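# An overview of the molecular structure
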Amino acid sequence: MADAITSGLDGNEIFQVLYIPRPKEPTPPDHPSMKAYICTYPALGQVTQIDKNTTVFTALLEVDASRASDPWQISLWHSNGKEWQEVPMDPLNNSSSHPVDLQVSKSNSGLSLTRLYFTTPLAIHLPTNFTIKFRAGPEQAWKWVKDHQGTADGIVMLKSITSQDAISSNLEDYIEGLNPVLSAKNYRSQSPGTTLWTVDAPIEAADGEKPTIQDIKFGLPWGKGKFSRWFALVRIWSPWLAPRQGKTSFQLDKDAVMCSFLSNSGKHLVLLAISGVDDVMTLFKNDDDGNVIMRVRNDSASKGTSHILVALGDDFESANAAVMYHARGIVAAAETASGEQQKEFAALKEGDESTKLWAENWYDGLTYCTWNALGQRLTEDKILTAVKTLADNNINVTNFIIDDNWQSIDYRGHGQFQHGWVEFEAERKAFPKGLKHTVDLIRKAHPSIQHIAVWHAILGYWGGLAPDGKIAKDYKTVEVVREDAERRNLPLGGKMTVVAKEDVQRFYNDFYDFLSSSGVDAVKTDAQFMLDTFVSAKDRRDLISTYQDAWTISTLRHFSVKAISCMSQTPQILFHSQMPQNKPPILVRNSDDFFPEVPSSHPWHIFVNAHNALFTQHLNLIPDWDMFQTVHDYSGFHAAARCVSGGPIYITDVPGQHDLDLIGQMSGPTVRGKTVIFRPSVVGKSLDQYNGYHDDNLLAVGTYHGAAVTGTGMIGFFNVSQRPLSELIPLSKFPGVIEAQLYIVRAHRSGLVSKPIQVVDKTSLLFVSLGIRGYDILSAYPLRGFVDEKKEETTWIANLGLIGKMAAPAAIVDNRITKLENGKIVIDTDLKALGVLGIYVSTLPQISWKDSMMITILGNPLPVHTISVSKVDEHVLEIDTETAWKELNLTSGWSNEVEVKIYINPSH
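Attention here is on the structure that accompanies the text.

About the cut-offs
- Residues numbered from 1 in each chain as written.
- Predicted model: local features only at pLDDT ≥ 70, side-chain atom pairs only at ≥ 80, totals over all residues.
- Heavy atoms only, no water.
- Axes fitted to C-alpha atoms, helices over the stretch in contact; angles between N-to-C directions.
- Helix = DSSP H or I, 4+ residues; strand = E, 2+ residues; numbered from the N terminus.
- Parallel < 35°, antiparallel > 145°, perpendicular 65-115°, else oblique.
- Contact = heavy atoms within 4.5 Å.
- Nonpolar A, V, L, I, M, F, W, Y, C, P; charged D, E, K, R; others polar.
- Buried < 20%, exposed > 50% of the residue type's maximum accessible area, 1.4 Å probe, protein only.
- Pairing = 2+ DSSP bridges.
- Expected span 1.5 Å × (residues − 1).
- Polar contact = N/O pair within 3.5 Å; in protein donor to acceptor, adjacent residues only side chain to side chain.
- Salt bridge = Lys/Arg side-chain N within 4 Å of Asp/Glu carboxyl O.
- Phe/Tyr/Trp six-rings, centres within 6.5 Å; stacked < 30°, edge-to-face > 60°.

Following both chains from N to C, one finds helix H13 (residues 601-616) and helix H14 (residues 635-645) inclined at 10°, their axes separated by 10 Å at the closest point. Considering the angle they form, H13 stands roughly parallel to H14. Across the interface between the two elements, His602, Pro603, His605 and Ile606 from H13 touch Phe637, His638, Ala641 and Arg642 from H14. Looking at the contact of H13 with H14 residue by residue, the classes come out as four nonpolar, three polar and one charged.

Moving on, we get to the pairing of strand S17 (residues 227-237). Taking burial as the measure, the eleven residues of S17 include eleven buried ones, the bulk of the element. Pairing analysis gives seven bridges linking S17 to strand S19 (residues 256-263), with the strands arranged antiparallel. Bridging across to S19, Phe227 finds its partner in Ser263. Alignment of S17 against strand S18 (residues 240-246), held across seven bridges, turns out to be antiparallel. Counterpart to Ala232 in the pairing with S18 is Arg244. The turn linking S17 back onto S18 is made up of two residues.

The terminal C-alpha atoms of helix H11 (residues 537-559), which comprises 23 residues, lie 32 Å apart, in line with the 33 Å expected from a rise of 1.5 Å per residue. For H11, the N-terminal capping position is held by Ser536, with its side-chain oxygen 3.1 Å away from the main-chain nitrogen of Lys538. The positive-phi residue at the C-terminal boundary of H11 is Ser560, with phi of around 55°.

Now for the pairing of strand S9 (residues 113-123). Across eleven bridges, the pairing between strand S5 (residues 54-64) and S9 is antiparallel. Paired with Ala59 across the strands is Phe118, a residue of S9. Relative to S9, strand S7 (residues 85-91) runs antiparallel, the two being bridged by two bridges. Paired with Asp90 across the strands is Thr119, a residue of S9.

Once that is clear, we can look at helix H7 (residues 380-392). Here H7 contains 13 residues, and its C-alpha end-to-end distance of 18 Å stays within 8% of the 18 Å for a straight helix at 1.5 Å per residue. Of all the positions in H7, only Glu380, Ile383, Leu384, Ala386, Val387, Thr389 and Leu390 are classed as buried. Considering only its buried residues, H7 is in contact with strand S24 (367-369), helix H6 (371-374), strand S25 (399-402) and helix H8 (435-445). Note on H7: the residue one or two positions beyond its end, Asn394, has a positive phi of about 60°.

Turning our attention to the pattern of salt bridges. Here the structure, examined in full by the defined rule, presents 38 salt bridges. A salt bridge links Arg412 to Asp410; the shortest N-O distance between them is 4.0 Å. Among the residues examined, Arg412 registers a relative accessible area of 42% and is labelled partly exposed. Residues joined in a network through salt bridges with shared partners are Arg235, Arg297, Asp299, Asp532 and Arg540.

Through backbone hydrogen bonds, the strands of a sheet pair up, either in parallel or in antiparallel fashion. The five strands lie next to each other as S47-S48-S54-S50-S51, forming an open sheet whose pairing is antiparallel. Looking at strand neighbours, the two that pair on one side only are strand S47 (812-819) and strand S51 (860-861), the edges of this open sheet.

Here we come to the packing of aromatic side chains. Counted under the stated rule, the structure contains 35 aromatic pairs. Judged by centre distance (5.4 Å) and plane angle (70°), the rings of Trp77 and Trp144 are edge-to-face. Of the two residues, Trp77 sits in strand S6 (residues 73-79) while Trp144 sits in strand S11 (residues 143-144), which places them 67 residues apart along the sequence. For Trp77, a relative accessible area of 19% translates into the label buried.

We now examine unusual backbone geometry. Across the junction of Tyr41 and Pro42, the peptide omega takes the value -10°, indicating a cis bond. Within the secondary structure layout, Pro42 lies in the loop between strand S3 (36-41) and strand S4 (47-50). Phi angles above zero are rare outside glycine, and Ser560 is one such case at about 55°. With respect to the helices and strands, Ser560 occurs in the loop between H11 and strand S32 (563-565).

Encoded structure:
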């Protein structure tokens, strides 16, 4: 049964959040696995691809402290397709060889557990299944880990680099039962180490208002019994995508836009269905035998072609990139043919210059949204109270979004999805002096607010236009019929009045002229999926691209990049509007909403966003993981996810209910008095696309900040399960990490820092343990080494960024570490905001920093009391730039950044 959420719209409208999976039952505290829990690397229950054919298996047994001294025995059982064999594992008693532990709490479950490690080497040549059995001593009975805690077998296989010469150009060699009706053509891929095919199928023209819909068998990737895992992104309902995963049988409950299959030998086949070209939409489903089926819909009055792309690669990311890069070319060719690109270029040039300035304010400024905070039935008084409360709490947001329900609507019908929009001006009772008056008062009450956005639906309001309203009289309109979305108590179906094709561009230009004249300089345009709910094929082909193109051109002309696209993950929009690379990226909502009152929605929300990002990372957008509240059971969980997402951060706090410490971990003050967030350079995404939501694995969201090699890989770990989880994580899992480099890893929540480690070290595993709702962010910093010939020692240095921040490395704008001729080491760093700068210096415990260092901010020596050695790690120097800035009465001048220089004399 789904959780229910009450909408405040009419005080009594309730709809079911139908698409949130039911969580597994929490593991009872007296369950045996709560007193003895096993995890391994390579991991049980997962597929692990390794680089070298001899790998060391490490098992961690967490047991109740009272039984830690028992003579525990662990055995590894493995099979490469033949008979199962047993290898006893040896206790790892030397604590210096244990995996790195960067967490203060020894157990997030509230239980006192002791960690015992066991290892054994094993040569891997063929893909190998493995499991664990264990017992408390020679006199005890053996227990299988699957029976004890429900953990399935693991699979380990060698990574391989396939020579292009070894890859067949015939798709039939990789797709069992490939349909001969399909036309497949092999291409050289733009993604290294991959090969690519386009697969086309003809589709008959629509018959008047009725589209042609056809199911065409594709075939079975790899063949029956020849793949071990699959992953897909499905249309969970009309506006949104969500992930699905499975093992040896391909079964979907919804149509998919992409899917990937991992072969038993470690190769990946990624399939992408292209939509939005010539009014043809293609999706994937399956038949009863598990074959991939193409579901094709043609809305065009002409015969059409269904396009899918297939890529083969040694790893998922390369194969995924191959299909996405090629898709860009197909979509760009269609856009060029229609002249759409030229119109968008012209609109961007036409726009008011002031709208183009400080785009980073919009992307990187902290944002407040009224939606969950103030509910619906907005009024000027409610909004101004929220603004004043933000100012009183010194929460200096840069952007303010006036969400749904400021508009003048007719309140006809039995819910908001039937209501129509009357006129451009705001609702007259709630905003008696008009929208401009409210906007002026917002800016006056809180001068830190740079940009004010308003919400509207792509068709005006959820139910389009009020048929007898002013807008309907001023523009040519048509009546369209929406299909029923089959959402209980969510009546989306029925007739609605919308602006007709001929007048859409004029309508948008006039509306956005009105908003601009009211002081509004950004928009959140929602309910974009509604265009795909029209029953008539003619209405869809007339209006989907027309509305999308008019909206894009008008936003570029009036607001530049300051727009949010929402409920727009319909296939046509993903490809037609969000894939082309000919304009600056805009913010696009990456998943269904934040539902504060639905506990089961929160871990699912993060899981969905992390997997949707595997697709949206290749679109021309910045993924928006939605707003959240800083005072909430899952507030830290959501905050950490936003900080590794690579997207914006919006809060929707009820006025006065703010966690200022949490806001401080997500953001910081600039030298100009603004509040900015710290967005990593790379979009955050799931690092384990084949792990299912109910598989009891930690969700690992990987991102990266900085230049290649010298930047920092970051992983946000989230426990999305209903039991405490521990895992062993290899250093090689961090994005951007390379073998030859030495790293330190720092955990955000504890501040603990590892000793220097390399990928090739036997001890380069990290222990991560999280309770229910638990999260942490670990960052792998590359070390720079400087040899002191006289002392015959090396000083290793890393810039940790602003260490109180969740995305600490993302506070670094530029970082230069050099050695002068006189032997001094200089760290010259530019920071995005003020805060506590952390510098790792391996020799710090042996030197007096007061004698050996000079530290300046904008060329001024820092007050000594603003510099200290970390209480958590003696190798970390903490430099409080915020306090120093205030005490030195510094001003920013022309720069937005904070320049700090650290001079180290290692010989001193």
